[in-house]
Amino acid sequence: MGKKIAMVALFCVGLLFSGFVGTMTRVSADESKAASTPGPKPTNTRTHTPTKTFTPTKTHTPTKTYTPTRTPTDTRTPTGTPTPKVQLPPLYVAKVDGEAYLVHKGDKKKPDVPQKVEKDDEIITGKDGTVYLQFKDGGTMEIGPSSDIQIKDLDIHGTDFKAKFSMLFGKLRTIIHKLETSSSSFEVEAGGVVTGVRGTTFEVDYDKEKDVHTTKTYDGTVFTRANGKEEDVHKGFSLVVGHGIAPALGPLGAGDIADFVAFLDASDKLEAAKQILLKKLEERLINEALHQILGGGKKDHGIGLQFGF
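Residues numbered from 1 in each chain as written. Predicted model: local features only at pLDDT ≥ 70, side-chain atom pairs only at ≥ 80, totals over all residues. Heavy atoms only, no water.

**Student:** Would you mind going over the packing of aromatic side chains with me for this structure?
**Tutor:** Here the distance between the centres and the angle between the planes together describe a pair of aromatic rings. In the structure shown here, the tally under the stated rule is 6 aromatic pairs. Seen in terms of ring centroids, F165 and F186 are 5.5 Å apart; in terms of plane orientation they differ by 45°. Their pairing is tilted. Here F165, found in strand 9 (residues 160-176), pairs with F186, found in strand 10 (residues 185-190); they are 21 residues apart in sequence, far enough to count as distant. Ring pairs connect the aromatic residues F135, F161, F165, F186 and F202, which therefore count as one cluster. Lying across the ring of Y101, K108 places its NZ or CZ 4.7 Å from the centre. (Phe/Tyr/Trp six-rings, centres within 6.5 Å; stacked < 30°, edge-to-face > 60°. Helix = DSSP H or I, 4+ residues; strand = E, 2+ residues; numbered from the N terminus. Lys NZ or Arg CZ within 6 Å of the ring centre and 35° of its normal.)

**Student:** It is not clear to me how the nonpolar core should be interpreted in this structure. Could you clarify?
**Tutor:** Looking at soluble globular proteins, one finds that nonpolar side chains tend to be buried together. In this structure, V131, L133, F135, F165 and F186 are the most contacted members of the largest nonpolar core, which totals 47 residues. Per element, the largest residue contribution to this core is 6 residues, and it comes from strand 9. Setting aside chain neighbours within four positions, we find F186 in contact with F135, M141, F161, A163, F165, T174, I176, L179, T195, G196, V197 and F202. Counting residues in each nonpolar core, the second largest holds 5 residues, with I175, Y218, L252 and F263 among its members. (Core = buried A, V, L, I, M, F, W, Y, C linked by side-chain atoms within 4.5 Å. Buried < 20%, exposed > 50% of the residue type's maximum accessible area, 1.4 Å probe, protein only. Contact = heavy atoms within 4.5 Å.)

**Student:** Where do I start with helix 3 (residues 274-293) in this structure?
**Tutor:** For helix 3, built from 20 residues, the straight-helix expectation of 28 Å at 1.5 Å per residue is met to within 8% by its first-to-last C-alpha distance of 29 Å. Residues of helix 3 that are buried include every one of K274, L277, L278, L281, E282, R284, L285 and E288, and no others. The buried residues of helix 3 all sit within an arc of 165° when viewed along its axis, so they share a single face. More than 90 degrees from the buried face of helix 3, the exposed residues found are I276 and I293. Where helix 3 is buried, its residues touch strand 1 (91-97), strand 6 (130-135) and helix 2 (254-272). (Expected span 1.5 Å × (residues − 1). Arc of directions from axis to C-beta.)

**Student:** I keep staring at unusual backbone geometry and nothing clicks. Help me out?
**Tutor:** Outside of glycine, negative phi angles account for most residues, and trans bonds account for most peptide bonds. Put simply, V113 and P114 share a cis peptide bond, and its omega is -10°. Positioned with a positive phi, D120 is a non-glycine residue whose angle comes to about 80°. Inspection of the secondary structure assignment puts D120 in the loop between strand 4 (115-116) and strand 5 (122-125). A relative accessible area of 59% means that D120 is categorised as exposed.

**Student:** Explain the side chain of Q115 to me, please; I cannot follow it from the model alone.
**Tutor:** As for its placement among the helices and strands, Q115 is situated in strand 4. Looking at Q115, the relative accessible area reads 6%, which means it is buried.

**Student:** What am I meant to see in the pairing of strand 9 here?
**Tutor:** On any regular strand, side chains alternate: one points to one face of the sheet, the next to the other face. In terms of strand pairing, strand 7 (residues 140-143) meets strand 9 through 4 bridges, oriented antiparallel. Each bridged residue has a counterpart across the sheet, and for E142 the counterpart in strand 9 is R173. Of the pairings in the sheet, the one linking strand 8 (residues 148-157) to strand 9 comprises 9 bridges and is antiparallel in character. In the sheet register, D153 faces strand 9, and the bridge partner there is K164. In this antiparallel pair of consecutive strands, strand 8 and strand 9, the connection spans 2 residues, and G158 shows a positive phi of 65°. Pairing geometry for strand 9 and strand 12 (residues 200-207), over 7 bridges, is antiparallel. By the bridge assignment, R173 is partnered in strand 12 with E203. (Pairing = 2+ DSSP bridges.)

Okay, structure coming up:
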């Protein structure tokens with residue numbers, strides 16, 4: 001009996017040992033399998049996310065953009081002297097010194113600057129008198145003391161220029177701009193001698209008592225025509241033509257040059273003063289118009305309404 005019990009106990013111990021060994025074997029196998037089979041990669045279940053992202057809560061935007069609502073533009077024309085609404089005549093008296101007269105249609109009066117000069121008008125100067133005439137489009141004439149000059153022809157339209165003067169006696173200096181057309185001409189006749197130009201500066205002197213005509217050329221070339229013979233007088237020379245004597249050509253003297261320089265200076269000043277003369281003319285025309293409106297009658301001094309402006 002006791003032997004049977006011992007065998008049963010031993011059998012039970014064997015079963016237990018066998019089960020333990022099997023269990024250990026399975027565990028070992030499972031562990032090996034687990035080691036040989038890659039499992040899912042470990043995942044970081046916690047991502048580092050900054051708890052606060054810096055975001056500017058306010059973007060600087062100018063609430064007002066400067067846009068000029070008005071661009072300053074000076075609509076006025078900067079002029080020192082208002083532009084007159086009238087025009088100067090083709091030829092007019094620009095300046096008078098000493099005793100001088102303008103004869104217009106038989107009416108002899110002291111010129112009222114600026115005064116229009118027309119065909120058939122006559123200019124007379126005393127011993128101390130000098131008259132300056134100007135062409136609207138450029139050019140100056142100086143009528144010296146003790147002179148008598150008549151306008152025989154005056155036809156100026158655009159580029160067509162025709163003028164002829166007759167000198168009974170006296171002195172005439174002239175600056176004439178270049179004549180643009182072949183039909184244009186400028187001539188001075190004195191004592192039967194004609195001096196003609198096509199754009200130059202010259203002087204004509206005529207001594208009536210001695211019957212001596214002198215042409216002096218300061219710039220360019222002029223021609224003289226006497227007794228059917230024509231001769232050129234070039235810059236820097238003078239030509240003397242007298243009754244019964246042969247024409248004499250010679251150089252200008254120092255006195256001639258000094259007089260010419262003074263004449264050029266006077267001419268430049270008169271050119272610069274044209275706007276002043278225009279303004280004076282405009283005011284005179286307005287006053288004459290008002291005079292007529294108020295019943296004063298027509299007033300004619302060789303200027304004003306006969307200008308035709």
